[in-house]
Every structure is written in C-alpha cells, then in structure tokens.
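Notes for the structure review
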Amino acid sequence: MPAALNALDYLAAQAKHPAPAVCVAFGDEPFLKREVLLALRREVLGGGDGDFSLTRLEGRAAALRDVLDELATLSLFGSSGRRLVVVEGADEFVSAHRAALEDYVAKPRGASVLLLDVKTFPSTTRLYKAVASSGLLIDCAPPTDAKIQKWLVGWARERHEIKLEAAAAELMVEIVGRSLGVLDQELAKLAAFAGPGETVKRDTVADLVGGWRAKTIWVLLDAALEGDAKTALEQLDLLLGGGENPVGLMAQMGSSLRRFAAAARLIAASRSGRGAISLRDALVEAGMKPFVLAKAEAQLRQLGRARAEQLYTWLLETDLALKGASSLPPRTLLEQLIVRLSKGAAPPAPAPEPRRGAASAR
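Residues numbered from 1 in each chain as written. Predicted model: local features only at pLDDT ≥ 70, side-chain atom pairs only at ≥ 80, totals over all residues. Heavy atoms only, no water.

A short note on the overall build of the protein chain
Looking only at helices and strands, one finds 17 helices and eight strands in the protein chain. Taken over 362 residues, the protein chain has a buried fraction of 44%. A separation of at least 24 residues holds for 73% of the contacts in the protein chain among residues at least 6 apart in sequence. Put simply, the protein chain shows about 18,200 Å² of open surface, and 53% of that area lies on carbon and sulfur atoms. (Helix = DSSP H or I, 4+ residues; strand = E, 2+ residues; numbered from the N terminus. Buried < 20%, exposed > 50% of the residue type's maximum accessible area, 1.4 Å probe, protein only. Contact = heavy atoms within 4.5 Å. Areas by Shrake-Rupley, 256 points an atom, 1.4 Å probe, with all protein chains shown as cover.)

And the structure:
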C-alpha cells in the first residue's frame, strides 16, 4: 500500500503527483492545509474562470447527496472542464458515509476531484487503503524541526525571493516554533527588510524576528554557562519584567542546554569503553553548529563534567516544577537553574517540591 505523502514533499514536487479523483488531506497544520488546497486548486481549475468550478462544503452540514451531485455536475468554466469539491472539517462526514465513499473511490464520476479535509484518517480503515491505492493521501501534520528548517530555506527563495542561511532558519524555528503560518509571516518581514535577492543571516533573524527578547536569552545563557550568575539573573529579570512566559523561556533555554547535555553523555559513554571522544567532536555530534563551536567548547569546560552530566535531570526538574510540580514561584525556579549552571561546583540536585495539599499517588 503506497504511503501518504508528506505535505511539504507534495508541495515541492506537485507535478509528480497529479490530482486523481479523490484526495485526502489529513493532519492539523492549517498552513499546510491551505497550501495543499491552493496547489490542487491551481492544478484542477487552472485559475481565471475556473475558480467558479470550486465548491466548498462544511463537513458537519454537508449531505452526501449534495456532494455527489456537485461531483457529477459538468463545469461550464475554465479550460480544464473539471470541478473541485472540497469538504472541510470532514471527519464527521467521513464517519457517517464511509461505505458510500469507499464505493465512490472505486468508481468515481466524471473528471471532478473530491478533496476531503480531515484531522485524522486511520490507516487501518478500508477507505484509507482504497484512497492509497487509487487516490492521493497528503499528510498535513506538523513537520519535524529539520524538515521545517529545510522548507524555510526553499520557501524563502521561491516565495519571498531572499537567500536564508541554514543557521538563520534554525534560529527562526527556535524563536518562533513550528507554526508554519507564523514563520511565513516572519519571512515576509525579513524579505521587506533585506530586499529581493539578498542574503539573510542569523544576526538579522535575531534582530528582526526575536528582537531584544531573543538577544537577551542568548546573553543570559552565555553568562550562565560562563559562570557569570549576576549578569544572567539580570537578563532573566529583564525578560520576566517584559512579560515573557516562564514556561516559554524554559523551552527556549532548554533547546540549547540539551545539546550540552547530549555532549556530556557522549563523553561519559566514551569513558566507559566506546572510545575516547573530544569535547569538540561530542558537541558536533550533539548538534552544535560550527560557528559557535569554539564558544561552546569553552562553556562546556567551564560547566564541568559533574554539572554537565546532571543537565538532563536539572532541565526535567525545572520543567516539571514550572508546570505545577512545585509551589515555588516560577522566577525562583528559573533562578535556581541559572545558579546551578553558573556555580563552579555542582550542588546536589534536590527533588522538586511537591505542590501544597497534593496527596501522594504512590
């Protein structure tokens, strides 16, 4: 059974996947759903008058007969002579008419194209297998960070006419997250600033996308990892005073600190028989970028073996405490983590304080 196409792969090579009679776009990434619909719309209807041959129906209210009638109606507009019928939010529609849809996939009517927009589409169902066999399945789930970074570089070139460096794309994902729609908006802002054909570097992203908050987080982390607790705590105060969410701050700090934690584990494993590995090689294997290697190596040395090997534990404890496992204020929890990172000797790692009044589940 053919596998579903990742939406980014489909959009990058749509010509290799012409629209059959039935298409299903499943997943919950709205930007991908929108781009898939636009791509199918251009292919099936061809633009211009062909747009009059687009029918959009709401899944909860759509009747099967109405959908089938739209599919059977000849198009009077456009050069393709085809119609595109989109059932949006079609999960309930699919559940209610699964058998009839299986029959339609087996014997579609005319040249029309049916697009079902659903959140979930289990691969164990006969309908999934039928569409996989003769139709087109497009997975619109949120992509991985690596896929998003690759997409950003290509999307910046194709849609926004700028050259986005890989390091800049990585920083955008760290700052903005995985929302492709928001990332697209940020690319538009970068393109307006840089101009067509210009190269956008990491520093520009830090200035325009992250603004002072992104810069402050990097200053905070650098200060803590270099043993300067005073500066790190001052930067934390600026961020919290500016309205930053402590859980969001922890997520951004953790994305960098986990690389140091991974490097520490690689070094520990090498000491137990895997074969010696240098600090720099461990950092590279942990995903540290070349342009920060020298600084990261010095920071890992300052952090020291004992504290570096506790990083995963500290990060997990702080994350759980911020999400309710402790009654301490969020500022205090973040301050504790910063002090742990900055101190020259590793303090003992206390368990998170339980929430007051919480009964033990053990």
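Here's the deal with the nonpolar core
In this structure, L84, W151, L152, L164, L187, V205 and L300 are the most contacted members of the largest nonpolar core, which totals 87 residues. In terms of nonpolar packing, the next biggest core, distinct from the first, is built from 27 residues, A62, V94, Y128 and L137 among them. (Core = buried A, V, L, I, M, F, W, Y, C linked by side-chain atoms within 4.5 Å.)

Thoughts on the sheet that holds strand 3 (residues 54-58)
The strand order across the open sheet formed by six strands is 1-6-2-5-4-3, and the pairing between neighbours is parallel. Looking at which strands have only one partner, the edges of the open sheet turn out to be strand 1 (5-6) and strand 3. Relative to strand 6 (residues 136-139), strand 2 (residues 22-26) runs parallel, the two sharing four bridges. Considered in strand 6, the bridge of V24 is made with L137. Across the sheet, helix 2 (residues 30-45) is in contact with strand 2, strand 3, strand 4 (84-88), strand 5 (113-118) and strand 6; its angle to strand 4 comes to roughly 165°. (Pairing = 2+ DSSP bridges. Axes fitted to C-alpha atoms, helices over the stretch in contact; angles between N-to-C directions.)

Remarks on the pattern of salt bridges
Inspection of every chain in the model, using the stated rule, returns 21 salt bridges. E174 is paired through a salt bridge with R259; the nearest N and O atoms lie 3.2 Å apart. One end of the pair, E174, is in helix 8 (residues 166-176); the other, R259, is in helix 12 (residues 246-274), and 85 residues separate them in sequence. Residue E174 is classed as buried on the basis of its relative accessible area of 17%. Between E186 and K189 there is a salt bridge; the shortest N-O distance is 3.0 Å. (Salt bridge = Lys/Arg side-chain N within 4 Å of Asp/Glu carboxyl O.)

A look at the side chain of S256
The topology assignment puts S256 in helix 12. Dropping the residues within four chain positions of it, S256 is found in contact with E174, W218 and L221.

Regarding helix 16 (residues 311-325)
Given 3.6 residues to a turn, an α-helix orients residues that are three or four positions apart in the same direction. Taking 1.5 Å of rise per residue, the 15 residues of helix 16 would be expected to cover 21 Å, yet its terminal C-alpha atoms sit only 18 Å apart, more than 12% below that figure. Here helix 16 has its buried residues at L311, W314, L315, E317, T318, A321, L322 and G324. (Expected span 1.5 Å × (residues − 1).)

What about the environment of S134?
Of note, S134 is situated in helix 6 (residues 126-134). For S134, a relative accessible area of 44% gives the class partly exposed. Measuring from C-alpha to C-alpha, the distance between S134 and P20 comes to 7.4 Å, with 114 residues separating the pair along the chain. Setting aside residues up to four positions removed in sequence, S134 forms contacts with P20 and V105.

Observations concerning helix 2
Compared with an ideal rise of 1.5 Å per residue, which puts 16 residues at 22 Å, helix 2 spans 22 Å between its outermost C-alpha atoms and is within 8% of the ideal. For helix 2, the full list of buried residues reads F31, L32, K33, E35, V36, L37, A39, L40, V44 and L45. G46, located one to two residues past helix 2, shows a positive phi value of around 75°.

A few points about the pairing of strand 4
Judged by how many residues are buried, strand 4 sits mostly within the fold: four of five residues are covered. One ladder, built from five bridges, connects strand 3 with strand 4; its direction is parallel. Residue L54 lies in a different strand from strand 4, and its bridge partner there is L84. With four bridges joining them, strand 4 and strand 5 adopt parallel strand pairing. Opposite V86, over in strand 5, you have L115 as the bridge partner.

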